[in-house]
Amino acid sequence: MTPEELKIRQITNQHLLRDADKLTAVRDLCGIQAQFLSHALHSLRIRCTDYNEATVSDALVKNWTLRGTVHIFSEDDLPFFLHCENGQTYRSHDWTLPSFWNQRPDWELTPRRQQEFSELILDSLRSGALTREELKDICRTKGMSEAEEAAMFHPWGGGIRQLCERGWMHCLVQEEKAYCLTPEFDPIATDTAKLALARRYFTHMGPATIHDAMYFFRATASQVKNWLKQLPVSAVECQNRTYYYIETETIYPQDTPRCLFLAGFDQLMLAYEKKESLYLPPEHLRKIFNLAGIVMPAVLLNGNVVGRWKKKNRTLTIELFLPLSDGEKTLIKDSAAALWGDAIQNITLS
């Protein structure tokens, strides 16, 4: 299989050439990374047949999942992303168990105090969703100290994250940080959940290498190889690498899309080991994956990353990484106009 054929399969399987409804797209992509909600919503917009700003959050939740990062995903998929230590910590208030958080030297919540404030937060949410600041105020009125607040509301998650990961609550799918109670679900075994996600990965993000899957799931080579043994994968060689995929009845087009405006943290960038990307030349890697851990919105032209974009108010700014012909620049501008319409008035290429 040639690199171009691989790209066409990957792009199509990721619903960039074959649109899907919203819930199908988030399911097939194993959720969408959402530190910046606007990026996640753009990922959906360029993939979905039913994208609607007013209803986009319906049936979706936001929580910490793959790679320890925040994703949006279908509420129905809660058991696949919240393993709750094989169900042992599901809706548990046993805060004596050792964790990443209570082993930190700056952790100031005793198990008793963590239980008290956790129960207070959950009781408060029974009346409806609350913002992060509203929850802080409620805890302060019950005597939470500054040090305890720093632990419960740690910027990386802290006690709030633990409540989310134990299936008690989750983030609302909106820009402002706010939380609501999570509906009850039946936990499933961690190995079962991970194998199900691996099946989705090799079906909807394949063909992919073992390194790609290790990168996407933050897994070991032995874990990925174990999944492959249990899945009905086919293998193909390209440029001295072995790619694995689960065959479907999809009919693939002959050509890559002329121009795509990928979101920041787009799955087309995150699903494959960035240093082995078919789309991103090594000399441009740090212009998309910067050293601060941000994945910039990329402009894909004929299957290759040629620049990055930023939309502010009604101006679209595109930074090109290499010289392009006038025809290629016109194609980029026309594609932007078709995507955003009247939402942009000015397009600048530099």
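Shown above is the structure to which this text applies.
In this text, all values refer to a predicted model and were calculated from it rather than measured experimentally. (Residues numbered from 1 in each chain as written. Predicted model: local features only at pLDDT ≥ 70, side-chain atom pairs only at ≥ 80, totals over all residues. Heavy atoms only, no water.)

*Asks:* Go over the pairing of strand β12 (residues 315–320) with me, naming the residues and quoting the values.
*Replies:* On a regular strand, each side chain points to the face opposite its neighbour's, so the side chains alternate between the two faces of the sheet. Here β12 shows a clear split, with L316, I318 and L320 buried on one side and none of T315, T317 and E319 buried on the other. In the sheet, strand β11 (residues 304–312) pairs with β12 via 6 bridges, with the strands oriented antiparallel. Paired with G307 across the strands is L320, a residue of β12. As consecutive antiparallel partners, β11 and β12 are separated by 2 residues, and within that stretch N313 has a phi angle of approximately 55 degrees, a positive value. Bridge analysis of β12 against strand β13 (residues 346–349) gives 4 bridges, and the strand direction is parallel. The residue bridging T317 from the neighbouring strand is T348, located in β13. (Buried < 20%, exposed > 50% of the residue type's maximum accessible area, 1.4 Å probe, protein only. Helix = DSSP H or I, 4+ residues; strand = E, 2+ residues; numbered from the N terminus. Pairing = 2+ DSSP bridges.)

*Asks:* Residue-level account of the packing of aromatic side chains, with values.
*Replies:* Using the criterion set out here, one finds 14 aromatic pairs in the structure. Measuring from centroid to centroid gives 5.2 Å for F261 and W340, while their planes differ by 70 degrees, and the two rings are edge-to-face. Within this pair, whereas F261 is found in strand β9 (residues 259–261), its partner W340 is found in helix α14 (residues 326–340), the two being separated by 79 residues in sequence. An aromatic cluster is defined as three or more aromatic residues linked by ring pairs; in this entry it consists of Y201, F202, F216, F217 and W227. (Phe/Tyr/Trp six-rings, centres within 6.5 Å; stacked < 30°, edge-to-face > 60°.)

*Asks:* Please provide a residue-by-residue account of the side chain of Q267, values included.
*Replies:* By secondary structure assignment, the location of Q267 is in helix α12 (residues 267–270). Residue classification places Q267 among the buried positions, given a relative accessible area of 2%. With residues near it in sequence (within four places) discarded, Q267 still touches Q14, L29, G31, R47, M205 and F216. (Contact = heavy atoms within 4.5 Å.)

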